[in-house]
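# Summary of structural features
These are the residues of each chain, in order.
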Amino acid sequence: MTTLANTNKLDQANTHQQLFEEYVSQFDTNLRDTKRAKILASTYPIILHIIQQNIEEGKKLCLDNQRIATEIKDTNLIINSQYYLSEFLIYERDLDGYIRVSEYAYELDKSRSEKSSFYIGNLMHLADAYIFKGVPGSKILPLLDELYQIPNSRLGSYSYFIKFLGTIHIPSPESDSIFNAFQSENLIQFCQYAIQQSEG
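None of the values given here were measured: they were computed from a predicted structure. (Residues numbered from 1 in each chain as written. Predicted model: local features only at pLDDT ≥ 70, side-chain atom pairs only at ≥ 80, totals over all residues. Heavy atoms only, no water.)

### Let's talk about the nonpolar core
The test is simple: Among buried residues, the Ala, Val, Leu, Ile, Met, Phe, Trp, Tyr and Cys ones that are joined through side-chain atoms within 4.5 Å form a nonpolar core. Three exposure classes are used, based on accessible area relative to the maximum for each residue type with a 1.4 Å probe and protein chains only: buried under 20%, partly exposed in between, and exposed over 50%. Comment: elements are numbered from the N terminus, with helices defined as DSSP H or I runs of at least four residues and strands as E runs of at least two. Here, two residues are considered to be in contact whenever any of their heavy atoms come within 4.5 Å of each other.
Residues Tyr 84, Leu 144, Ile 178 and Phe 190 are the most contacted members of the largest nonpolar core, which totals 47 residues. With eight residues, the single largest contributor to this core is helix α6 (residues 75-91). In this structure, Ile 178 is in contact with Leu 141, Phe 161, Phe 164, Leu 165 and Phe 190, ignoring residues within four places of it in sequence.

### Comments concerning the packing of helix α9 (residues 137-149) against helix α10 (residues 154-165)
Stated formally: Axes here refer to lines fitted to C-alpha atoms; in helices the fit is confined to the stretch in contact. Angles between the N-to-C directions go from 0 to 180 degrees. If an angle is under 35 degrees, it is roughly parallel; if it is over 145, roughly antiparallel; if it lies from 65 to 115, roughly perpendicular; otherwise it is oblique. When the near helix sits turned anticlockwise from the far one by under a right angle, the crossing is termed left-handed; a clockwise turn instead gives a right-handed crossing. Just so you know the grouping, Ala, Val, Leu, Ile, Met, Phe, Trp, Tyr, Cys and Pro go in nonpolar, Asp, Glu, Lys and Arg go in charged, and all remaining residues, Gly too, go in polar.
Taken N-terminus to C-terminus, the directions of α9 and α10 make an angle of 160°; their axes are 7 Å apart at the nearest point. Judged by the angle between their axes, α9 and α10 are roughly antiparallel. By crossing handedness, the relation of α9 to α10 is classed as left-handed. Counted together, Gly 137, Ile 140, Leu 141, Leu 144, Asp 145, Leu 147, Tyr 148 and Gln 149 of α9 and Arg 154, Ser 157, Tyr 158, Tyr 160, Phe 161 and Phe 164 of α10 form the full contact between these two elements. Its residues assigned to classes, the contact of α9 with α10 comprises nine nonpolar, three polar and two charged.

### What to know about unusual backbone geometry
The amide bond that connects Ile 170 to the next residue, Pro 171, takes the cis arrangement and shows omega of 5°. Relative to the helices and strands, Pro 171 is located in the loop between α10 and α11 (173-181). Phi is positive for Lys 73, which is not a glycine, with a value near 55°. Its location among the elements puts Lys 73 in the loop between α5 (55-71) and α6. Exposure remark for Lys 73: the relative accessible area of 71% places this residue in the exposed category. A positive phi angle, near 50°, is found at Gln 183, a position not held by glycine. On the accessibility criterion, Gln 183 (76% relative accessible area) is exposed.

### Some remarks on the packing of aromatic side chains
The condition that has to hold: Pairing of aromatic side chains requires ring centres within 6.5 Å, counting the rings of Phe and Tyr and the six-membered ring of Trp. Pairs whose planes differ by under 30 degrees are stacked, by over 60 edge-to-face, and all others tilted. Geometrically, a lysine NZ or arginine CZ counts as sitting over a ring once it is within 6 Å of the ring centre and also within 35 degrees of the ring normal.
Enumeration over the complete set of coordinates arrives at twelve aromatic pairs. With a centroid separation of 6.1 Å and 85° between ring planes, the pair formed by Tyr 158 and Tyr 193 is classed as edge-to-face. Here Tyr 158, found in helix α10, pairs with Tyr 193, found in helix α12 (residues 187-198); they are 35 residues apart in sequence, far enough to count as distant. Taken together, the ring pairs in this structure connect Tyr 148, Tyr 158, Phe 161, Phe 182, Phe 190 and Tyr 193 into an aromatic cluster. Lying over the aromatic face of Tyr 119, Lys 115 brings its terminal NZ or CZ to 5.5 Å of the ring centre. Taking NZ or CZ as reference, Arg 154 lies 4.4 Å from the ring centre of Tyr 148, over its face.

### Describing the environment of Phe 88
In this fold, Phe 88 is placed in helix α6. Each C-alpha atom of the pair Phe 88 and Tyr 98 lies 8.7 Å from the other, and the pair is ten residues apart in sequence. Leaving out residues up to four positions away in the same chain, Phe 88 has contacts with Ile 46, His 49, Ile 50, Asn 54, Ile 55, Gly 58, Lys 59 and Cys 62.

See the structure below:
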C-alpha cells in the first residue's frame, strides 16, 4: 500500500488497504497474530496522517499501537510505533519528545541481534536531533561512526559528519577526531573526500 501511495496510485492503495483490513477482521481479535496484523495494517493510515498532518489522529494511532505491541511483547512493532510517532512530534516541534522516542527505539533495536528495518532511520533521527540541539560531541560522534560502519548508511553518514562539523569550533578535539579518521587536514579536504566517496 505504501509503495502505491508513494507512486501516486492512491485509489489502488485504498482498495488494497480495505481488502487487507477486511481480511484481518475475519480473525479472533484476541489472538496475538491478529493484533500484530492490525498494527501492520495501520501503517498506511498512519502514513496518510503524516502526509496530511493529522497530528492528533496519527499520534493516537501510534500510541495505541505501542500499547498493544507492548502487551504482546513484540519489540519490532514497538520500534515501528515509535518511529512513526516521532514524525508527529516533529510537526509539534517537540524536540525533547522526539529525542526521547528516538532514543527509546534506538536502544531497543540496538539490543537485538537482528535489527529492524527502522534501525538506520532511527539512528539518523537521533543523530540529526542531537546535532540540532547541540548536545556534546561525545554523544553524537558514536552515532555518526555507527552510521559510517553500516554499509547501507555509509554514504549518508558523510552529510551528518559535515552537518556536525558546521556546528562546532574548528579546530577542536571533535573536528580533529573526524579529520584524522578520514585522513583530512581540514573541512575542505574532508568535504572533497566525502564527494569522492559519494561519486564512487
